[in-house]
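Summary of structural features
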Amino acid sequence: MKVDISKLLQKKKKQILEQWMNNQLADESLREDLMSNDELRIQSEELLNALVTSVNNRNIDDAQSPDFDTTIEILSGISISRARQGYSPKETGIYVFSLKDAILQTLQEEIKTDPVTLYTVSFKVGKLIDSFGVTTFETFIKGREEVILRQTDEIAEISTPVIRVWDGILALPIIGTLDSARTQVVMENLLQQIVDSGSSIAILDISGVPAVDSLVAQHLIKTVSATRLMGAECIISGIRPEIAQTVVHLGIDLSNIVTKASLASALRYAFTMLQLEVRKTAKEKNSL
Amino acid sequence: MDRIPILRMGNFLLVTIQVDLYDRLALNLESDLVQMVSKTGARGVLIDISALSIVDSFMGRIIGNIGSMSKIMDAETVVVGMQPAVAITLIELGLELKGVSTALNVEKGMELLRSKIGSFEDFEEEEHDDHRPE
Amino acid sequence: MIIVLSKDTLVIQKEQDVVPFRNRIKEYAVKIGMGLVNQTKLITAASELVRNMLRYGGGGTTIIEVVSKGRENGIRLTFQDKGPGIKDIQQAMKDGFSTGKSLGLGLPGARRLVNEFDIKSVVGKGTTVIVTKWKNG
């Protein structure tokens, strides 16, 4: 190869950057809502710098070369942060591939006279950046996966709040489907709260559970039994008419469990168990 | 041979299991407790298992046995302080300990025992009992 | 693909060996960051299986392994005895079946407490039970 790719790129870095920025700004997929043009320029310059300083005639064929570690690192950082910011993979892909266009345009101007060299160099540069593009997708997906995992954890945490409704009475509204993993989290949370607060009654409100099949019922029964083993009583409230229908149609036996239609009636029942009474204050004053 | 100490408090027997159980130890506890119930005429047995990190089917059975044996000797048994993880595991194992009364802690367990035995004694001394709710 | 990260062998001959065995499992479970409930389930299952080994197999060898499959870490336990073996494994795995005077919850209960359960038995040669509990299983 007659051209020293490293020197050439070093020399034309500024031009490539300008070209690249123009390409990006001209593209309709530009997301000014997610990143300002200045930020984009800084990010692009950093990536180009890393690429230009590491590439040379020897390693241009080998995208796995350790010389490119910094470049790939920067690229991964960019694509992960883009995944979190809400860029689509296509947008991130176009970002990387528009760099290829910019470099190729520059090469074309520089090596006008020698079509064979131009072809070889272009081909190699193209291949190198393509492989970078693939890396971007990989890290992009990894970034998204992390987001999903974090959200899964958060949902599990958020969806099982244990509320202390009264001294000695806990309530746990369940929203969403109860599968065995969920049940485990619900049970653990509830039982731990029972110990921590010394509550002897727990109300499990299932008005937010879309459907109760025999499996869900089994999970509920397990939770109630575990609560009893600890020495507390568990009331299930929020049994909607549809749920009552399916439970009976499926032949599920809930007769050993205290069930109430609403949280309010469960609370009333709990008060009775604790020998508490709720009265209007006006009545109290009259009697005094 | 290791033994688990049994304390006497009035007409109650109090057992706090502080060490990890193995089968022989659990069996000894069963026979010791039944002997003690008979010897002292205790009306209530309180077993604190809050320090136990596991209860398997054998120990669960022993706990159930103690309850049933005491029952036919006219003493009530209350198991207190089961750890959440132990409760979840026992349910998964298929052991519900039906027939064993449970309470959250020693204090609540004592209350429960008193109310169980008390209701009976109230009946005995109905004439001169000036019912005071606590 | 399951990779074994560490391996520990313990011989169980008498009842008192059970407590240190349980403690050893707990150590490993804590080391890989297993949650309290899963720890308790694993140790309870181990307790059931080691009792069977003592009662029907006259003791035997246990292996505690830390294993890894993909992103998941877990504990694998092996219980090996040279006892009389189990004639009808399907029957032995049923709730409430027991040749001894127990509740018959040992084997089926242990299976419910772990993620993977494998039992092999040859009459006259002995029984091997291998169970795995994943950290988040």
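To be clear, the structure that these remarks concern was listed above.
All residue numbers here refer to positions counted from 1 along the written sequence of the relevant chain. Each chain is given a letter, starting from A, and each ligand a number, starting from 1, according to the order in which they appear as written. Totals for whole chains, interfaces and linings use all residues, but because this is a predicted model, local features are given only for residues with pLDDT of at least 70 and pairs of side-chain atoms are given and counted only at 80 or more. Heavy atoms throughout the structure, all of them, feed into the side-chain values; hydrogens and water do not.

**Notes on the packing of helix α3 (residues 84-93) of chain B against helix α4 (residues 106-113) of chain C**
Interaxial distance between α3 of chain B and α4 of chain C falls to 8 Å at its minimum, and their mutual angle equals 125 degrees. Looking at the two axes, α3 of chain B sits oblique to α4 of chain C. α4 of chain C is crossed by α3 of chain B, and the crossing has right-handed handedness. Contact residues: α3 of chain B offers Thr-89, Glu-92 and Leu-93 of chain B, while α4 of chain C offers Gly-109, Ala-110, Arg-112 and Leu-113 of chain C. Three classes are used, and their members are as follows: Ala, Val, Leu, Ile, Met, Phe, Trp, Tyr, Cys and Pro are nonpolar, Asp, Glu, Lys and Arg are charged, and the others, Gly among them, are polar. Classifying every residue of the contact of α3 of chain B with α4 of chain C gives three nonpolar, two polar and two charged. In this analysis an axis means a line fitted to C-alpha atoms, helices contributing only their contacting stretch, and an angle means the value between N-to-C directions, from 0 to 180 degrees. In DSSP terms, a helix is any run of H or I states spanning at least four residues, a strand is any run of E spanning at least two, and both are numbered starting from the N terminus. Small angles under 35 degrees read as roughly parallel and large ones over 145 as roughly antiparallel, with 65 to 115 read as roughly perpendicular and the rest as oblique. For any helix crossing, the convention is left-handed if the near helix is rotated counterclockwise from the far helix by under a right angle, and right-handed if that rotation is clockwise. Whether two residues touch is decided by their heavy atoms; if any such pair falls within 4.5 Å, the residues are in contact.

**Examining the sheet that holds strand β1 (residues 6-9) of chain B**
Residue and element names in this part refer to chain B. Only when DSSP finds a minimum of two bridges between them are two strands counted as paired. In spatial order, the strands read β1-β2-β3-β4-β5; together these five strands make up an open sheet with mixed pairing. The sheet is open, and its two edges are formed by β1 and β5 (101-103), each paired on a single side. Neighbour-to-neighbour, the strand axes of the sheet open up by a mean angle of 25 degrees, direction not taken into account. Bridging between β1 and strand β2 (residues 12-16) involves four bridges; their strand directions are antiparallel. Each residue of the ladder has a partner; that of Ile-6, found in β2, is Val-15. Each of β1, β2 and β3 (44-48) is contacted by helix α1 (residues 23-40), which is oriented at about 160 degrees to β2, the strand it contacts most.

**Concerning helix α2 (residues 57-72) of chain B**
One less than the number of residues in a helix, times 1.5 Å, gives the span that helix is expected to have. In a regular helix each residue adds 1.5 Å, so 16 residues correspond to 22 Å; α2 of chain B covers 23 Å between its end C-alpha atoms and thus fits that length. Downstream of α2 of chain B by one or two residues, Asp-74 of chain B has phi in the positive range, about 65 degrees.

**Quick notes on the pairing of strand β4 (residues 233-237) of chain A**
All names here are of chain A. Counting buried positions along β4 yields five of five residues, so the element is predominantly enclosed. Note on exposure labels: buried denotes an accessible area under 20% of the residue type's maximum, exposed denotes more than 50%, and partly exposed covers the range between, all computed with a 1.4 Å probe on protein chains only. What you see with β4 is no split at all: Glu-233, Ile-235 and Ser-237 on one side and Cys-234 and Ile-236 on the other are buried throughout. Relative to β4, strand β3 (residues 201-208) runs parallel, the two being bridged by five bridges. Its bridge partner lying in β4, Leu-204 is registered against Ile-236. Two strands pair when backbone bridges link them, and β4 and strand β5 (residues 258-259) are joined in this way by two bridges, in the parallel orientation. By the bridge assignment, Ile-236 is partnered in β5 with Thr-259. Whether a crossover is right-handed comes down to one check: with the strands pointing away from the viewer, does the path from the first strand over the helix to the second run clockwise; if it does, it is right-handed. In this fold, β4 hands off to helix α9 (residues 241-249), which returns the chain to β5; that crossover is right-handed.

**Considerations on the nonpolar core**
Generally speaking, nonpolar side chains in soluble globular proteins are found buried as a group. In this text, buried Ala, Val, Leu, Ile, Met, Phe, Trp, Tyr and Cys residues form a nonpolar core when linked through side-chain atoms within 4.5 Å. Grouped together as the largest cluster of nonpolar side chains are 104 residues, with contacts concentrated most on Phe-79 and Phe-117 of chain C. In terms of residue count, helix α2 (residues 36-57) of chain C provides more of this core than any other element does, nine residues in total. With residues up to four places along the chain from it excluded, the contact list for Phe-79 of chain C reads Phe-21, Ala-46, Leu-49, Val-50, Met-53, Thr-61, Thr-62, Thr-127, Thr-128, Val-129 and Val-131 of chain C. Counting residues in each nonpolar core, the second largest holds 38 residues, with Leu-9, Val-55, Leu-118 and Val-125 of chain A among its members.

**Considering the pattern of salt bridges**
We define a salt bridge as a contact between a side-chain nitrogen of Lys or Arg and a carboxyl oxygen of Asp or Glu at a distance within 4 Å. Within the structure shown, the criterion is met by 20 salt bridges over all chains. Across the pair Arg-164 of chain A and Asp-167 of chain A runs a salt bridge, and its minimum N-O distance is 3.1 Å. Using a relative accessible area of 49% as the deciding quantity, one classes Arg-164 of chain A as partly exposed. Across the pair Asp-17 of chain C and Lys-14 of chain C runs a salt bridge whose closest N-O atoms are separated by 3.3 Å.

**Things to note about helix α2 (residues 13-26) of chain A**
Residues and elements named next belong to chain A. Helix length check: α2 (14 residues) gives 20 Å between terminal C-alpha atoms against 20 Å at 1.5 Å per residue, within 8%. Those residues of α2 lying buried are Ile-16, Leu-17, Trp-20, Met-21, Asn-23 and Gln-24. What you see down the axis of α2 is that its buried residues fit within an arc of 160 degrees, all on one side. In α2, the exposed positions that point more than 90 degrees away from the buried face belong to Lys-14 and Ala-26. Looking at the buried side of α2, the elements it contacts are α1 (5-11), α3 (37-54) and α5 (89-110). Our arc is simply the arc of the directions from the helix axis toward the C-beta atoms.

**Considerations on the interface of chain B and chain C**
Across the contact, 21 residues belong to chain B and 24 residues belong to chain C. Together chain B and chain C conceal approximately 2000 Å² of surface at their shared face, both sides included; 59% is due to carbon and sulfur atoms. The interface formed by chain B and chain C holds three salt bridges in total. Among the ionic pairs, Asp-23 of chain B bridges to Arg-51 of chain C, the shortest N-O distance being 2.5 Å. N or O atoms closer than or at 3.5 Å make up a polar contact, with two conditions inside protein: a donor-capable atom paired with an acceptor-capable one, and, for residues adjacent in sequence, both atoms drawn from side chains. At the junction of chain B and chain C, the tally comes to eight residue pairs in polar contact (both at pLDDT 80 or more). Listed by contribution, the elements that provide at least two residues to the side of chain B that touches chain C are α1, α2 and α3 of chain B. Counting residues per element, the side of chain B that touches chain C draws most heavily on α3 of chain B, at six residues. Accessible-area loss on putting two parts together, using a 1.4 Å probe and summing over both, is the definition of buried area adopted here.

**Some remarks on the packing of helix α7 (residues 180-197) of chain A against helix α8 (residues 214-230) of chain A**
Axis angle and axis distance: for two packed helices, these are the angle between their axes and the distance between the axes, and together they describe the pair. Residues and elements named next belong to chain A. Packing of α7 against α8 leaves a shortest axis separation of 10 Å and a crossing angle of 20 degrees. In terms of their interaxial angle, α7 and α8 are classed as roughly parallel. In this structure, α7 meets α8 at a crossing whose hand is right-handed. Contacts from Ser-180, Thr-183, Met-187, Leu-190, Leu-191, Ile-194 and Val-195 of α7 reach α8 at His-219, Lys-222, Thr-223, Ala-226, Thr-227 and Met-230. A breakdown of the residues in the contact of α7 with α8 according to their chemical character gives seven nonpolar, five polar and one charged.

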